[in-house]
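# Geometric and topological summary
Residue strings, one per chain:
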Amino acid sequence: MSVDTLKDQSPLVQVGWNYIEEEYASKSMREKKEAYRLIQLLCCSMITTQHAIDQMVAICGNGIPAIKIATILRTSEGTTKRRKQTPNKSRKQNPWQEKENMRLLKAVHLYGLNRWAKVARFVGGGRTSQQCFQKWHRCLNPFLNKGHWTEEEDKKLIELVRKHGDFSWQKVSSEIQTRSDFMCRCRYQILLKKANQEKTVEIKPLYVPEETKNSLVLNSPFLADLEGDELSEWEFKTEIYAEMNMCYK
């Protein structure tokens, strides 16, 4: 099922389609579509969990996708208490737990992809708008392709970097659609290194001037949504710079 077909659905419905693809790989498209319709109805609270499971068992042999979606829908809001951190460990070294992933999926279902302050409050545990935004777009987004890059994707990536520059990774990612900004940046670094070794392809080297870095921070989509977060401007800039330099070391 294409991105265009699902773009107006709740993100959780899109996640449900991925569960169907994984669980019912050998089933026909007709059976998958019937299961997908049940996921849509379940996410809209138009049928009960048990009804969705029973129907999926009858159609596809098991109700695992419905069970997974129902588990997410039953997930409750997290606490506002921050997780304990050991000395000398930053927020970036606190890996996401499965229960936080579940809350993020539920929050995105409730609030969509434009109200990250509310999403962060639902996730709880001291997670910020920025962290929730990045976790979704870099890990949980059901449209992400985490497989090997194709030659066509590499060509498109190089073209988009020439179009937008080698610092506008969100713009590059938005046009590729199935790769995150982080994936695009890392892949470009690999292509750049390969080109330098083989000297067969001309790829513009990465360069981010200081004024551009400042502009990226000041115009970041997170700033307008961070009023409810306990994150100072200095901390925010530090995290942005760390993200920008993560792949360059």
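A quick note: this is a predicted structure, and the numbers were derived from the prediction, not measured. The written sequence of each chain sets the order in which its residues are numbered from 1. Totals for whole chains, interfaces and linings use every residue, but because this is a predicted model, local features are given only for residues with pLDDT of at least 70 and side-chain atom pairs only at 80 or more, for both listing and counting. Side-chain numbers come from the whole structure's heavy atoms, not from hydrogens or water.

The helix count covers DSSP runs of H or I at least four residues long, the strand count covers runs of E at least two residues long, and both are numbered beginning at the N terminus. Among the secondary structure elements, Ser173 is positioned in helix 10 (residues 169-176). Contacts are residue-level and defined by heavy atoms, with any inter-residue pair within 4.5 Å sufficient. Beyond its immediate stretch of four places on either side in the chain, Ser173 contacts Arg179, Ser180, Asp181 and Cys184.

Time to look at the confidence of the model for the protein chain. Averaged over every residue, the pLDDT of the protein chain is 79; the share at 70 or more is 71%. Every residue in residues 1-7 scores below 50 in pLDDT, and together they form 11 contacts with partners more than four places removed in sequence or on other chains. Known as pLDDT, the predictor's per-residue confidence is scaled from 0 to 100. Counting contacts from residues 216-249, a segment whose pLDDT is below 50, to residues more than four positions away or on other chains yields 59 contacts.

Below, the discussion takes up the packing of aromatic side chains. In this analysis, rings of Phe, Tyr and Trp, with Trp reduced to its six-membered ring, are considered paired at centre separations within 6.5 Å, and the interplanar angle assigns stacked below 30 degrees, edge-to-face beyond 60, and tilted for intermediate values. Counting across every chain of the model gives 3 aromatic pairs. Directly above the aromatic system of Trp149 lies the positively charged group of Arg179, at a separation of 4.5 Å from the ring centroid. In this analysis the charged atom, NZ for Lys or CZ for Arg, is taken to sit over a ring once it is within 6 Å of the ring centre and within 35 degrees of the ring normal.

Moving on to unusual backbone geometry. Residues apart from glycine generally show negative phi values, whereas peptide bonds are mostly found in trans. Within the chain, Ser45 stands out as a residue other than glycine whose phi angle is a positive 60°. Within the secondary structure, Ser45 sits in the loop between helix 3 (29-43) and helix 4 (49-60). Even without a glycine there, the phi angle at Gln177 is positive, about 75°. Remark: exposure states derive from per-residue accessible area (1.4 Å probe, protein chains only) relative to the maximum for the residue type, with buried under 20%, exposed over 50%, and partly exposed in between. You can call Gln177 partly exposed: its relative accessible area is 44%.

Two measures define how a pair of helices packs: the angle their axes make with one another and the distance between the axes. At a minimum axis distance of 8 Å, the contact between helix 5 (residues 64-73) and helix 6 (residues 98-111) shows a crossing angle of 80°. Of the possible angle classes, the one that applies to helix 5 and helix 6 is roughly perpendicular. Two secondary-structure elements touch here, helix 5 through Thr71, Ile72 and Leu73 and helix 6 through Met102, Leu105, Lys106 and His109. Within the contact of helix 5 with helix 6, the residues separate by chemical class into 4 nonpolar, 2 polar and 1 charged. Every axis in this analysis is a line fitted to C-alpha atoms, fitted for helices over the stretch in contact. Angles between the N-to-C directions lie between 0 and 180 degrees. Any angle that is under 35 degrees is reported as roughly parallel, and any over 145 degrees as roughly antiparallel; angles of 65 to 115 degrees are reported as roughly perpendicular and all others as oblique. Gly is put with the polar residues, along with every residue not named as nonpolar or charged; the nonpolar set is Ala, Val, Leu, Ile, Met, Phe, Trp, Tyr, Cys and Pro, and the charged set is Asp, Glu, Lys and Arg.

The next subject is the nonpolar core. What makes a nonpolar core is a set of buried Ala, Val, Leu, Ile, Met, Phe, Trp, Tyr and Cys residues whose side-chain atoms join them at distances within 4.5 Å. Core analysis: the biggest nonpolar cluster contains 37 residues, and Leu104, Trp116, Cys132 and Trp136 have the highest contact counts within it. Every element with two or more residues in this core is listed here: helix 2 (11-23), helix 3, helix 4, helix 5, helix 6, helix 7 (116-123) and helix 8 (129-140). With 7 residues, the top contributor of residues to this core is helix 3. Domain boundaries shown here were taken from an automatic or database domain assignment. Two domains share this core, each providing at least three of its residues, namely domain 1 (11-74) and domain 2 (98-140). With sequence-adjacent residues up to four places away left out, Leu104 is seen in contact with Trp96, Trp116, Val119, Val123, Cys132, Lys135, Trp136 and Leu140. Core analysis: the next-biggest nonpolar cluster, separate from the first, contains 13 residues, Leu144, Leu157, Leu160 and Tyr188 among them.

Here we take up helix 7. Among the 8 residues in helix 7, 6 count as buried, and that is most of the element. Burial in helix 7 covers these residues: Trp116, Ala117, Val119, Ala120, Phe122 and Val123. Those residues of helix 7 that are buried are in contact with helix 6 and helix 8.

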